[in-house]
Amino acid sequence: MSTTPAPPRVLCDRMESARSRTDELFALLTPPAVYSRPVPERHRLIFYLGHFEAFDWNLICRKTLDIPSFHSQFDKLFEFGIDPPVGKAAEDQPADWPSVEEVLAYKRRVRQIVDDSLDRVPEQLIHVAIEHRLMHAETFAYLIHNLPYDQKDGPPIQPSHQQGELAGKMIEIPAGYATLGQKAGDFGWDNEFDQHRVEVPAFTTSKYKVTNGEYLKYVEDGAAPPHFWTERNGERFYRGMFAEIPLPLNAPAYVTYRQAAAYARWVGKDLLTESQFHRAAFETPDQEERPYPWGSTVPDATHVNFDFHGWEPVDVDATPAGDSVWGVSQLAGNGWEWTCTPFGPFPGFEPFPFYPGYSKNFFDEEHYVLKGASPRTASCFLRRSFRNWFRPDYPHVYASFRLIEN
């Protein structure tokens, strides 16, 4: 008889909610789009139709419960994503992939078996399955963002934007400490452990993320425009998910790490380190620690642009209720924030035995830590210990940045 307690109802509900998120994304696609590859460095979209369930099957049913496979070919085909350098596209063709009907049949059966097995699965693995799916809900969103508009069907709803220039402001953060990482016993991915405190010298940071309007001056000085911009007849536009809009000057500029670092050099400043981000976001003058920049109140749309509430960024000053105790805005939501910290292990790091390559494979000095969240980031990733990471030239992420002076 199993000694693993049945998963709490809330975890089962979260699993179902996460599945609804990914199902909703696929519902946006026209039939031809399913076999397209909108980002050359990623799989065709058909991969993701099978990947979410293949991951759950391989983690929960095959590796944990030793349930015999009913489709070992799909278990392997849809098991792993890819992360090649920019410009190194895969060479498979649409005909190399199975039909949508076959993948949907696989998906339905996996879900049924997983649901029937959850009462025998350690709670940690259910968290892993849920958060893996929600991570890819965001990944899939920016892949769909790259599709031509006639290959997706959704509401062209855009937030309102102010076009007047926003005054930049720098905020002094005194020397102190920052706590990085997750507490032992709480759920987190392997790279979030061990929790530790670091000393942070005094620095000055911008109140707001760098805006499109600020970045436009850099482009007019000769820099290449960001991936999410386009130009027609001398007018610049932001390429939204479902429609182009005139460039929102006070929304955050979504850029690569290399573009962010180059802009910082252009204005004579630097990017935040991971520990400086934590200091500005979660610490207080009294050396107390907050779970969120604004305090302990459960996050909602007044604090942050997050959790699939919308598709697009809002202005950088649109959510003052979410400011940190120091007065720094949008340290959560409205765009992940690049730090200049290479992604690497914390002291005491141990890879997950059931997923040893999740983080370790990317401790390569070729990925940088991002903190915060984007409009398409699930609320669970607003925990202070969560770390995102990408290659420095990858242009498709909803990634913003802010400046500091040391």
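Residues numbered from 1 in each chain as written. Predicted model: local features only at pLDDT ≥ 70, side-chain atom pairs only at ≥ 80, totals over all residues. Heavy atoms only, no water.

> What exactly am I supposed to notice about the overall build of the chain here?
In terms of regular secondary structure, the chain is built from nine helices and 13 strands. Its C-alpha atoms give the chain a radius of gyration of 21 Å, within 12% of the compact-globule value 22 Å for 406 residues. Its C-alpha atoms put the chain at 60 × 55 × 35 Å along the principal axes. Buried positions account for 58% of the 406 residues belonging to the chain. Summarising the internal contacts of the chain: among those between residues at least 6 apart in sequence, 79% fall at separations of at least 24. For the chain, the computed accessible surface area is about 17200 Å², with 51% contributed by carbon and sulfur atoms. Put simply, the chain has 40 plus and 56 minus side-chain charges, and the middle of one group is 1 Å from the middle of the other. (Helix = DSSP H or I, 4+ residues; strand = E, 2+ residues; numbered from the N terminus. Rg over C-alpha atoms; globule rule 2.2 N^0.38 Å. Buried < 20%, exposed > 50% of the residue type's maximum accessible area, 1.4 Å probe, protein only. Contact = heavy atoms within 4.5 Å. Areas by Shrake-Rupley, 256 points an atom, 1.4 Å probe, with all protein chains shown as cover. Lys, Arg positive; Asp, Glu negative; His and termini not counted. Charge placed at Lys NZ, Arg CZ, Asp CG, Glu CD.)

> Sorry if this is basic, but what is going on with the packing of helix H1 (residues 9-26) against helix H5 (residues 123-145) here?
When two helices pack together, their arrangement is given by the angle between the helix axes and by the axis-to-axis distance. Between H1 and H5, the shortest axis-to-axis distance is 10 Å and the interhelical angle comes to 20 degrees. The angle between H1 and H5 falls in the class roughly parallel. Judged by the twist between their axes, the crossing of H1 over H5 is left-handed. In this structure, H1 contributes Leu11, Arg14, Met15, Ala18, Arg19, Arg21, Thr22, Leu25 and Phe26 to the contact, and H5 contributes Glu123, Ile126, His127, Ala129, Ile130, Glu131, Arg133, Leu134, Ala137, Phe140, Ala141 and Ile144. Across the contact of H1 with H5, the residue classes break down as 13 nonpolar, two polar and six charged. (Axes fitted to C-alpha atoms, helices over the stretch in contact; angles between N-to-C directions. Parallel < 35°, antiparallel > 145°, perpendicular 65-115°, else oblique. Left-handed = near helix turned anticlockwise from the far one by under 90°. Nonpolar A, V, L, I, M, F, W, Y, C, P; charged D, E, K, R; others polar.)

> Mind showing me how you'd approach the layout of surface pockets here?
Considered as a void within the structure, the largest pocket measures approximately 970 Å³ in volume. Lining the largest pocket are 39 residues, and of these His136, Tyr355, Tyr358, Phe362 and Trp389 lie nearest its centre. Looking at the lining of the largest pocket, the elements with two or more residues in it are helix H2 (45-64), H5, helix H9 (357-360) and strand S11 (388-390). Here the residues of the lining of the largest pocket are counted per class, giving 21 nonpolar, 11 polar and seven charged. Computed from the structure, the second largest pocket encloses a volume of approximately 590 Å³. (1 Å grid on protein atoms, 1.4 Å probe; cavity = no way out; pocket = protein on both sides within 12 Å on 5 of 7 lines; lining within 4 Å. Points joined across faces, edges and corners; volume = space filled by probe spheres on them.)

> So what exactly am I meant to see when it comes to the pattern of salt bridges here?
Between side chains of opposite charge, a pair can form as their charged atoms come close. Under the defined criterion, the tally for this structure stands at 27 salt bridges. Linking Lys107 and Asp23 is a salt bridge whose minimum nitrogen-to-oxygen distance equals 3.3 Å. Pair noted here: Lys107 is in helix H4 (residues 100-117) and Asp23 is in helix H1, with a separation of 84 residues, a long-range link. For Arg133, the salt bridge is made with Asp56, and the minimal N-O distance between the two is 3.2 Å. Remark: Asp56 occurs in helix H2 and Arg133 occurs in helix H5; sequence separation between them is 77 residues. Each member of the pair, Arg133 as well as Asp56, is classed as buried. When salt bridges with common partners are traced through the structure, they connect Asp23, Glu53, Asp56, Lys107, Arg111 and Arg133 into a single cluster. (Salt bridge = Lys/Arg side-chain N within 4 Å of Asp/Glu carboxyl O.)

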